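So the chains spell out like this:
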Amino acid sequence: MSKLTMFKGGMAAQIPIKDDKEANDKAMANVYADKLREVRAGHDGTWVAHPALAAIASEVFNKGMPTPNQLFVRREEVHITGNDLLNMDMPGKVTEEGIRKNLNIGLGYMEGWLRGVGCVPINYLMVRHPHRLQPPD
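Residues numbered from 1 in each chain as written. Predicted model: local features only at pLDDT ≥ 70, side-chain atom pairs only at ≥ 80, totals over all residues. Heavy atoms only, no water.

Some points on the overall build of the chain
Helices and strands together make up the secondary structure of the chain, namely four helices and four strands. Overall, the chain shows an N-to-C arrangement of helices and strands of β-α-β-α-α-α-β-β. Here the chain, with 137 residues, has 26% of them falling under the buried criterion. Partitioning the intrachain contacts of the chain with sequence separation of at least 6 by distance along the chain shows that 56% fall at a separation of at least 24. A total accessible area of about 10100 Å² is found for the chain, and carbon and sulfur atoms account for 59% of it. (Helix = DSSP H or I, 4+ residues; strand = E, 2+ residues; numbered from the N terminus. Buried < 20%, exposed > 50% of the residue type's maximum accessible area, 1.4 Å probe, protein only. Contact = heavy atoms within 4.5 Å. Areas by Shrake-Rupley, 256 points an atom, 1.4 Å probe, with all protein chains shown as cover.)

Here you go:
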């Protein structure tokens, strides 16, 4: 794969969990691991949902990317086709718990969208609304 543009990693959606240190430590470790994966994959930057995560992302990228960008990082082993992007075969199975969780997230997302809130915390994750959608008047 030829890298002719900068790659930006995905958003770390976690937010600090103030009332549970163990859960917070685990969430922050997941953020660190995700940003480490991104910098090792050749990403040139990243973003986070909460300002408290910026220090973690900066630490990882400052250590793992001492240059202004990683345009020199080529992922020749990566081969993605149109069929890969359309593949709906996913591991796992549909469960009642999963459906309930997805419904809860979807309803929480819609409730925030209808109130005109740009993003809402759901299950200690920040869910961001699409820019172009506007709540009804």
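Now that the structure has been shown, the text picks up again.
Points about the packing of helix α1 (residues 21-40) against helix α2 (residues 54-64)
Remark: α1 packs on α2, axes separated minimally by 9 Å, with the N-to-C direction vectors making an angle of 30°. Seen from above, α1 lies across α2 with right-handed handedness. Contact with α1, carried on its side by Met 28, Val 31, Tyr 32, Lys 35, Leu 36, Glu 38 and Val 39, involves Ile 56, Ala 57, Glu 59, Val 60, Phe 61, Lys 63 and Gly 64 of α2 and no other residues of that element. Grouping the amino acids of the contact of α1 with α2 by side-chain chemistry returns nine nonpolar, one polar and four charged. (Axes fitted to C-alpha atoms, helices over the stretch in contact; angles between N-to-C directions. Left-handed = near helix turned anticlockwise from the far one by under 90°. Nonpolar A, V, L, I, M, F, W, Y, C, P; charged D, E, K, R; others polar.)

Overview of the pairing of strand β2 (residues 45-48)
Both strand β1 (residues 8-12) and β2 contribute to a ladder of three bridges, which runs parallel. When the bridges of β2 are listed, Lys 8 appears paired with Gly 45. For the crossover that starts at β1, traverses α1 and ends in the parallel β2, the hand is right-handed. (Pairing = 2+ DSSP bridges. Right-handed = clockwise from strand over helix to strand, strands pointing away.)

Structural notes on unusual backbone geometry
Positive phi, normally seen in glycine, also occurs at Asn 123, with a value near 55°. Along the chain, Asn 123 turns up in the loop between β3 (119-122) and β4 (125-128). Positive phi outside glycine occurs at Tyr 124, with the angle close to 60°. Secondary-structure assignment places Tyr 124 in the loop between β3 and β4.

A few points about helix α4 (residues 96-115)
For α4, with 20 residues, the first-to-last C-alpha span of 29 Å sits near the 28 Å given by 1.5 Å per residue. Two residues or fewer past α4, Gly 116 is found with a positive phi of approximately 80°. (Expected span 1.5 Å × (residues − 1).)

What about a nonpolar patch on the surface?
Together, Val 94, Ile 99, Leu 103 and Leu 107 make up a nonpolar patch on the protein surface, roughly 440 Å² of accessible area in all. Relative to the assigned elements, Leu 107 resides in helix α4. Here Leu 107 falls in the exposed class, since its relative accessible area comes to 62%. (Patch = residues over 30% accessible without salt bridge, like charges linked within 9 Å, V, L, I, M, F, W, Y side chains within 5 Å. Salt bridge = Lys/Arg side-chain N within 4 Å of Asp/Glu carboxyl O.)

Things to note about the environment of Leu 36
Residue placement: Leu 36 occurs in helix α1. For Leu 36, a relative accessible area of 24% corresponds to the partly exposed category. Taking the C-alpha atoms as reference, Leu 36 lies 8.4 Å from Ala 57; in sequence the two are 21 residues apart.

Describing the nonpolar core
Ala 12, Ile 17, Ala 27, Met 28, Val 31, Leu 53 and Ile 56 together form the largest nonpolar core, which totals seven residues. Looking at this core element by element, the count peaks at three residues for α1. Setting aside residues up to four positions removed in sequence, Ala 27 forms contacts with Gln 14 and Ile 17. (Core = buried A, V, L, I, M, F, W, Y, C linked by side-chain atoms within 4.5 Å.)

Take it as geometry only, folks, not as evidence of what the structure does.
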